[in-house]
Amino acid sequence: MGNRYALMLFVLLSAGLSQARAAEAKPVYQWVSANEYYFILPTGQDLYLPRNGDTLSVKPWGFGFRAVGHETFAKTGGLQFQSIKVDNPSTGRNTFYLWELLAGMEYIAPKVQGKPLRFKASAVADLGLSDTTFFVAPIISAGLLYATEEYSATPTGFTFDIYYRLSDIDLDEVGGGAGTLKPALGFKVGYIFEGFWTTKEKKAD
């Protein structure tokens, strides 16, 4: 009886080791995190005021933080803040703010040795809050990464992006009443830093 239990235990251990080896051999998708910090540059966009039918030009500015993957196609997500000043002839000067959560996918062109400039593009959902108004808006962007670490597996360096918000943002309070931010073009500049779990590639001899 003891020999039979020993044989069963040996078979189970052998099966477990075989599965472990198979798991090690199987490719595993990994997301090596990096962190991008960026500024949103003041760029003119239209703010429509339905109470009097006026359309004002505003120039939001802000900053943000997001996580960046090292794969060609990778998940991305982050937080950003925008401040928008309104100079309304009826109500005077006011400021309102956008607090935003971004989530989506990003493409970064594969790195080529000796060529630090890489193309990048993304599509994200913008989930935001302004005063007591919740909003959702899709955003697409395209830009460039100037890589400063040639042998890092994680994209690291300066970034410049042009982005476009595809839909209106209806807000209950933009200083004296409701308003609608129309679809708009914008610009961002930033820098991607390596994350805590970044791996380095060995330099070729």
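Preceding block: the structure.
Just so we're clear, the structure is a prediction, and the values are computed from it rather than from any experiment.

Examining the sheet that holds strand 5 (residues 73-88)
If you walk around this closed barrel you meet the 8 strands as 1-4-5-6-7-8-9-12, and the pairing is antiparallel. Taken pair by pair, the neighbouring strands of this sheet meet at an average axis angle of 25°, ignoring direction. With 7 bridges joining them, strand 1 (residues 34-41) and strand 4 (residues 61-68) adopt antiparallel strand pairing. Each residue of the ladder has a partner; that of Y37, found in strand 4, is F65.

Section: unusual backbone geometry
At D131, a residue that is not glycine, the phi angle is positive and equals roughly 55°. Along the chain, D131 turns up in the loop between strand 7 (117-130) and strand 8 (133-147). Using a relative accessible area of 55% as the deciding quantity, one classes D131 as exposed.

Details of the environment of F193
Tracing the backbone through its elements, the reader meets F193 in strand 12 (residues 184-194). As a C-alpha pair, F193 and T148 span 45 residues in sequence and 10.0 Å in three-dimensional space.

Regarding the pairing of strand 8
Here strand 7 runs beside strand 8; their pairing, made up of 14 bridges, is antiparallel. By the bridge assignment, G128 is partnered in strand 8 with F135. The antiparallel hairpin formed by strand 7 and strand 8 contains 2 residues in its connecting segment, where D131 sits at a positive phi of about 55°. The pairing of strand 8 with strand 9 (residues 157-165) spans 9 bridges and is antiparallel. The partner of A142 across the bridge, within strand 9, is I162.

So, the nonpolar core
Among the nonpolar cores identified, the biggest contains 14 residues, and L47, F96, L98, L171 and L181 are the most heavily contacted of them. Within the residue set of this core, elements represented by two or more residues are strand 2 (45-49), strand 3 (54-58), strand 5, strand 6 (92-108), strand 8 and strand 10 (169-171). For F96, the residues in contact, after removing those within four places along its chain, are L47, Q82, S83, I84, V86, S130, L171, E173, V174 and L181. Y38, I40, L102 and Y163 belong to the second-largest nonpolar core, a separate cluster that totals 6 residues.

Some thoughts on the pairing of strand 5
Sheet analysis places strand 4 next to strand 5, joined by 7 bridges and oriented antiparallel. Residue F63 lies in a different strand from strand 5, and its bridge partner there is F81. Bridge analysis of strand 5 against strand 6 gives 16 bridges, and the strand direction is antiparallel. Its bridge partner lying in strand 6, Q80 is registered against E100.

Some details on empty space enclosed by the protein
Counting across every chain of the model gives 1 cavity of 30 Å³ or more. Of the pockets and cavities examined, the largest cavity occupies roughly 280 Å³. Around the largest cavity sit 24 residues that line it, and Q80, L102, V124, I139 and K188 are the ones nearest its centre. Going through the elements one at a time, strand 5, strand 6, strand 7, strand 8, strand 9 and strand 12 are the ones with two or more residues in the lining of the largest cavity.

As for a nonpolar patch on the surface
On the surface, a nonpolar cluster with roughly 810 Å² of combined accessible area is contributed by L79, Y97, W99, L101, L127, L129, F134 and V136. Those elements that place two or more of their residues in the nonpolar patch are strand 6, strand 7 and strand 8. Among the elements that line the nonpolar patch, the one with the most residues is strand 6, at 3 residues. Take L129: it is sitting in strand 7. Take L129: its relative accessible area is 39%, and that puts it in the partly exposed class.

What about the sheet that holds strand 11 (residues 179-181)?
An order of 3-2-11-10 is seen for the 4 strands of this open sheet, with the pairing classed as antiparallel. Edge positions in the sheet fall to strand 3 and strand 10, since each has one partner strand and no second. Across this sheet, the average inter-strand angle for adjacent strands is 25°, counted without regard to direction. Bridge analysis of strand 2 against strand 11 gives 2 bridges, and the strand direction is antiparallel. Residue pairing in the sheet places L47 in a bridge with L181 of strand 11.

Definitions and limits used
- Residues numbered from 1 in each chain as written.
- Predicted model: local features only at pLDDT ≥ 70, side-chain atom pairs only at ≥ 80, totals over all residues.
- Heavy atoms only, no water.
- Pairing = 2+ DSSP bridges.
- Helix = DSSP H or I, 4+ residues; strand = E, 2+ residues; numbered from the N terminus.
- Axes fitted to C-alpha atoms, helices over the stretch in contact; angles between N-to-C directions.
- Buried < 20%, exposed > 50% of the residue type's maximum accessible area, 1.4 Å probe, protein only.
- Core = buried A, V, L, I, M, F, W, Y, C linked by side-chain atoms within 4.5 Å.
- Contact = heavy atoms within 4.5 Å.
- 1 Å grid on protein atoms, 1.4 Å probe; cavity = no way out; pocket = protein on both sides within 12 Å on 5 of 7 lines; lining within 4 Å.
- Points joined across faces, edges and corners; volume = space filled by probe spheres on them.
- Patch = residues over 30% accessible without salt bridge, like charges linked within 9 Å, V, L, I, M, F, W, Y side chains within 5 Å.
- Areas by Shrake-Rupley, 256 points an atom, 1.4 Å probe, with all protein chains shown as cover.
- Salt bridge = Lys/Arg side-chain N within 4 Å of Asp/Glu carboxyl O.

Worth remembering: the numbers are spatial, not functional.
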